[in-house]
Amino acid sequence: MLDLQALAVTHGSPLLLFSSETFRLRYQELQSALPQVKHHYALKALPYEECIRVIQRCDGHLDVASIGEMNLVKATAPEMLARCIYTHPIKTKRDIESALEMGVNVLVADNRYEIEKLLPYKNRVKLLLRVAFPNPEARCDLSAKFGATMDEIKNLIRLSLTNGIHLQGISFHVGSQMTDPQSHIRAIQATRIIYNWCEEQYELKLPVLNIGGGFPARLDASIPTITDFCQPIRECLDELFPGTELWSEPGRCLAADSMAAISQVIGKTVKNKRFWYYLNDGVYNTFSGKIYDHAEYVHEPLSKQNRGELFMSVLAGPTCDSIDVLKENMLLPEMEIGDLFLTKQVGAYGWASRTDFNQLEQTKIVNVDFDLLSLQERKLPSKVPSNYAYLRSPFTQTCA
Ligand SMILES: Cc1ncc(COP(=O)(O)O)c(C=O)c1O
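What you see is a predicted model; the values in this text were computed from it and never measured.

A. Summary view of the packing of aromatic side chains. With the rule as written, the count across this model stands at 13 aromatic pairs. Here Phe23 and Tyr41 contribute two aromatic rings whose centre-to-centre distance is 5.0 Å and whose plane-to-plane angle is 85°, an arrangement assigned as edge-to-face. Remark: Tyr41 occurs in strand β2 (residues 37-42) and Phe23 occurs in helix α2 (residues 20-33); sequence separation between them is 18 residues. Owing to a relative accessible area of 0%, Phe23 belongs among the buried residues under this scheme. By relative accessible area, which is 1% here, Tyr41 ends up buried. The rings of Phe18, Phe23, Tyr41, Tyr48 and Trp351 are connected pair by pair, giving a single aromatic cluster. The ring of Trp276 carries Lys271 above its face, with NZ or CZ at 4.1 Å from the centroid.

Below you can see the structure in the form of structure tokens.
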């Protein structure tokens, strides 16, 4: 068992642990669940160089959303640029030229203005057209911002073909952290209609279908395993798209489990009958997913395993902003300044959207070589038990 306390002493805190082993396991699970698909890891979820190296070792592919991400690939494993697709539907002329210079030539568009931008480069570009499948139930409904409607997509296909653009196929994103595969299935069925229309209208078999991301990270036991989630998708693809090259863009389901955070109590007070603990990591840093990604992290006290009475407590981050609060109602034993917390599954869209607010020190990342999910969990009740006498004021308790 890893000594997290010792790691925090050696490297300081806050501290992030990245496990290439966990990342590799998640990639291989997805690969076995959907073996007929070329998975392009969506680097935006966790734009960390070790992720690129794992994907390279697994012979995988990458989905990049910006020139900055391509530069990271170039600096880490330049050979991987040939395995990148550039999926942001909106690009500047400079973005397009830089991507092509780096050898990234599969690009995505979802409107006529974007297709027009690509015309000067049409001999070098392979185009995916993105269709929208709105999904208000998704954790992030990505079709609210991007993707053409089913009607518009026909016009875009026509525009691309009449202008001699090399059309690779259709892509979509049904929304992030889906827990029911039906959204993917409905989208695959709907895109089949577009592919049939293309065959009838233009005698063109589009060579690629890109089913995007949306595969869930298993944040609790109610979420299906990736194998169970993908099984009906696999069957649907086999039935409707035999012979078509299939791609995906998984982000969260690979990244989430691969990073854990160790933070430390740096301050403590009592307010409104609650203990407040101020940690040295917060929503402006590693836990930014609480703001940008609707994330609810599970913070486990490391040093006080099942010890003593539990008190209703508030966990807050280190910055001077009052939005920087991690948990309002958490049952915890009394913590002391210096005590540590472990937060697992922080890898997706948290570190990626950290900020420099208050100019706090950048959090160090340590690479570890074991599966982070094997770290022991503490069993604290997450809800107040019904027989739990509502907290004596900790203030009364400590001062009486
Ligand atoms: C175009 C595109 N592809 C893939 C992803 C990754 O999605 P997920 O993390 O849900 O797998 C995103 C997320 O924003 C995206 O915008």
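B. The arrangement of the pairing of strand β13 (residues 310-316) in detail. Of all 7 residues that make up β13, 7 are buried, and the element is covered over most of its length. The side-chain alternation of β13 yields two buried faces, one formed by Leu310, Met312, Val314 and Ala316 and the other by Phe311, Ser313 and Leu315. Note that strand β11 (residues 274-279) and β13 share 4 bridges and pair parallel. What sits directly across from Tyr277, in β13, is Leu315.

C. Just the state of the cysteines, in detail. Going through the model one piece at a time under the given rule, you end up with 0 disulfides. The closest cysteine sulfur to the non-disulfide-bonded Cys236 is located on Cys230, 12 Å from its own sulfur. Free of any disulfide, Cys253 has its nearest neighbouring cysteine sulfur in Cys230, separated by 7.5 Å.

D. Up close: the domain arrangement of the protein. The assigned domain composition of the protein is domain 1 (4-14 + 256-399) and domain 2 (20-255). Relative to domain 2, the C-alpha centre of domain 1 lies at a distance of 35 Å. Each side of the interface is counted separately: domain 1 has 21 residues, and domain 2 has 21 residues. Around 1700 Å² of area is buried between domain 1 and domain 2 when both sides are counted, 51% of it from carbon and sulfur atoms. For the pair domain 1 and domain 2, the number of links is 3 salt bridges. Two residues, Arg252 and Asp293, come together in a salt bridge whose shortest N-O distance is 2.8 Å. Our count for the domain 1 to domain 2 interface comes out at 14 residue pairs in polar contact (both at pLDDT 80 or more). For the side of domain 1 that touches domain 2, the element with the highest residue contribution is strand β16 (residues 364-368), accounting for 3 residues. Here the side of domain 1 that touches domain 2 is composed, by residue class, of 12 nonpolar, 5 polar and 4 charged.

E. Representation of α2 within the structure. Between the first and last C-alpha of α2 there are 20 Å, a value that for 14 residues agrees with the 20 Å anticipated at 1.5 Å per step. The inward-facing, buried residues of α2 contact β1 (15-19), β2, α3 (49-57), α9 (226-240), α10 (252-255) and β16. One side-chain oxygen of the residue at the start of α2 lies 3.3 Å from the amide nitrogen of Glu21, identifying that residue as Ser19.

Rules used in this analysis
Residues numbered from 1 in each chain as written. Predicted model: local features only at pLDDT ≥ 70, side-chain atom pairs only at ≥ 80, totals over all residues. Heavy atoms only, no water. Phe/Tyr/Trp six-rings, centres within 6.5 Å; stacked < 30°, edge-to-face > 60°. Helix = DSSP H or I, 4+ residues; strand = E, 2+ residues; numbered from the N terminus. Buried < 20%, exposed > 50% of the residue type's maximum accessible area, 1.4 Å probe, protein only. Lys NZ or Arg CZ within 6 Å of the ring centre and 35° of its normal. Pairing = 2+ DSSP bridges. Disulfide = S-S within 2.5 Å. Domains from an automatic or database assignment. Contact = heavy atoms within 4.5 Å. Buried area = accessible area lost by both parts, 1.4 Å probe. Salt bridge = Lys/Arg side-chain N within 4 Å of Asp/Glu carboxyl O. Polar contact = N/O pair within 3.5 Å; in protein donor to acceptor, adjacent residues only side chain to side chain. Nonpolar A, V, L, I, M, F, W, Y, C, P; charged D, E, K, R; others polar. Expected span 1.5 Å × (residues − 1).

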